[in-house]
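Chain by chain, the residues:
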Amino acid sequence: MAPSWKEPYGMTFPGKPSGRFSDGRVLTDHIASFLKIGSPVPYQWRRSNATILKHGMNFAYGGTGVFTTYVTAPNMTTQINYFQQIVDDEVMYTKHDLKSSIALVSLGGNDYGTYLAANSDTKGIYAFATSIMKQLELNLRRIHGLGVPKIVVTAIEPLGCLPSFTASSSYTNCSETGNLLAMLHNQLLNQTVAKLNEEQTGTSATFVILDLYEAFMSVFKKQGYEPGSSKSENILKPCCMGVTSEYNCGSVEKSNGTSMYTVCRNINSTFFWDTVHPAQSGWHAAYTALKPTLSKLNHHAI
C-alpha cells in the first residue's frame, strides 16, 4: 500500500488518508476549485458514483512518470490508454463532452528521481531528459488527438529545494544540481510546447505551461528564503518526518504498530509536508502564484 493511503496523510483534508501525497488538498484540487468544479474522480473509482463523473477523471498514480519509475504502477502511456478506452467506449463521456474539456498533465519529477537513484553521476542526464521530452511530446499529441482542446502541462518544481535534497544542509540550502536539472527539463519543455503551439491554427494556445519552478521560488522568497540561513530551515524542512533516517512520514514499527514519524505543530503554515511533497498550505501558496496563468484558461473540465 502506498504511504498516501496511510496515516497521517490526509489529516487536514479530508480527515483521513485519501491517496493524496499531502496532509490535504493538492494542486489538482486547487485547479478544480478555480474552474468551479469538484475534484476529479480517480480512475479506479470511476464506477462508484456516476454523479461525480461530471467533475472529470484523474488518471494519475502516485510515484509514476513518463517512463517506468521506482513504483509498480501504470506509467503515462498506460494512463493515456485508460483514457482512450473511456473515450472510445463513449459511456462515461462522449466526444461532445471532450470539446469543452481541459487536461492537466503533471509528471516528470519521478523519472529524474529514478534516474538519480540508479546512476552515481549526471553525465547522461541531458540524453535522458531529451528522451523524456520526446516521449512527453508524443503523449501530448496523443491526448490532443483524442479530442481534448486545451492541455495544461506543469513545469518541474525546483527539485533541489525538496527536503530530500536539502536535508544534507540541515534544510538551509537548495541543491544547485537538483535545480539545474529542473531548469534543463523546463527549458526543453518550453521548446516542445512552443513547437506544438506553432502547429495549431486557433487564436489561443492549445498547450499551456504552469510554471511550478517560478511559483515555488516566488513563495520561498516571500517567506524569507536565504541560502545558508537558519530562516530557510523553517521553509524547506518537512512537517512530517521519520523519527530517524530509517523511517519516513507514515512509517510504523512492524512489530507493534508504533508510529515512527512526527508531525509539526504549525501544519497550516508549513510549505513541505514530507520529503518530496508540499503540504496543503504549500500547494495553496503555489496555486496563488499560478493564478495569473490559470486565469487565461477559458474552458471547463469534463
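Relevant structure appears above.
Now for a description of the structure that goes with this document. (Residues numbered from 1 in each chain as written. Predicted model: local features only at pLDDT ≥ 70, side-chain atom pairs only at ≥ 80, totals over all residues. Heavy atoms only, no water.)

## A look at the overall build of the protein
When helices and strands are counted, the protein shows ten helices and seven strands. Seen through its C-alpha atoms, the protein measures out along the principal axes to roughly 50 × 40 × 35 Å. Sorting the 302 residues of the protein into buried and exposed places 47% on the buried side. Expressed as a percentage of contacts within the protein between residues at least 6 apart in sequence, the contacts between residues at least 24 apart total 63%. Within the protein, one finds 24 positive and 21 negative side-chain charges whose respective centroids are separated by 6 Å. (Helix = DSSP H or I, 4+ residues; strand = E, 2+ residues; numbered from the N terminus. Buried < 20%, exposed > 50% of the residue type's maximum accessible area, 1.4 Å probe, protein only. Contact = heavy atoms within 4.5 Å. Lys, Arg positive; Asp, Glu negative; His and termini not counted. Charge placed at Lys NZ, Arg CZ, Asp CG, Glu CD.)

## Quick notes on the packing of helix α4 (residues 109-118) against helix α5 (residues 125-145)
Here α4 crosses α5 at 150°, and the two axes come no closer than 11 Å. In terms of orientation, α4 and α5 fall into the roughly antiparallel class. The two elements α4 and α5 cross, and the hand of that crossing is right-handed. Contacts from Asp111, Tyr112 and Tyr115 of α4 reach α5 at Ile125, Phe128, Ala129 and Ile132. Taken together, the residues that form the contact of α4 with α5 break down as six nonpolar, no polar and one charged. (Axes fitted to C-alpha atoms, helices over the stretch in contact; angles between N-to-C directions. Parallel < 35°, antiparallel > 145°, perpendicular 65-115°, else oblique. Left-handed = near helix turned anticlockwise from the far one by under 90°. Nonpolar A, V, L, I, M, F, W, Y, C, P; charged D, E, K, R; others polar.)

## Quick look at the pairing of strand β4 (residues 150-154)
For β4, the tally of buried residues reaches five of five residues, placing the bulk of the element in the interior. Burial of β4 is two-sided: the residues Lys150, Val152 and Thr154 facing one way and the residues Ile151 and Val153 facing the other way are all buried. Here strand β3 (residues 102-105) runs beside β4; their pairing, made up of four bridges, is parallel. The residue bridging Ile102 from the neighbouring strand is Lys150, located in β4. Looking at chain direction, β4 and strand β5 (residues 207-210) are connected through four bridges and run parallel. Counterpart to Thr154 in the pairing with β5 is Leu210. (Pairing = 2+ DSSP bridges.)

## Concerning the nonpolar core
The nonpolar side chains of a soluble globular protein tend to be buried, and buried together. Core analysis: the biggest nonpolar cluster contains 75 residues, and Val105, Tyr112, Ile143, Ile151, Phe220 and Leu236 have the highest contact counts within it. In terms of residue count, α5 provides more of this core than any other element does, eight residues in total. The contact partners of Val105, leaving out residues within four places of it in the chain, are Met76, Leu136, Leu140, Ile143, Ile151, Val152, Val153 and Thr154. Counting residues in hydrophobic clusters, the runner-up holds nine residues, among them Phe21, Cys239, Trp273 and Ala279. (Core = buried A, V, L, I, M, F, W, Y, C linked by side-chain atoms within 4.5 Å.)

## Focus: the sheet that holds β4
Overall, parallel pairing links the three strands, which are arranged β3-β4-β5 in an open sheet. Edge positions in the sheet fall to β3 and β5, since each of these pairs with one other strand and no more. Between one strand and the next, the sheet's axes are offset by a mean angle of 20°, whatever the strand orientation.

Take it as geometry only, folks, not as evidence of what the structure does.
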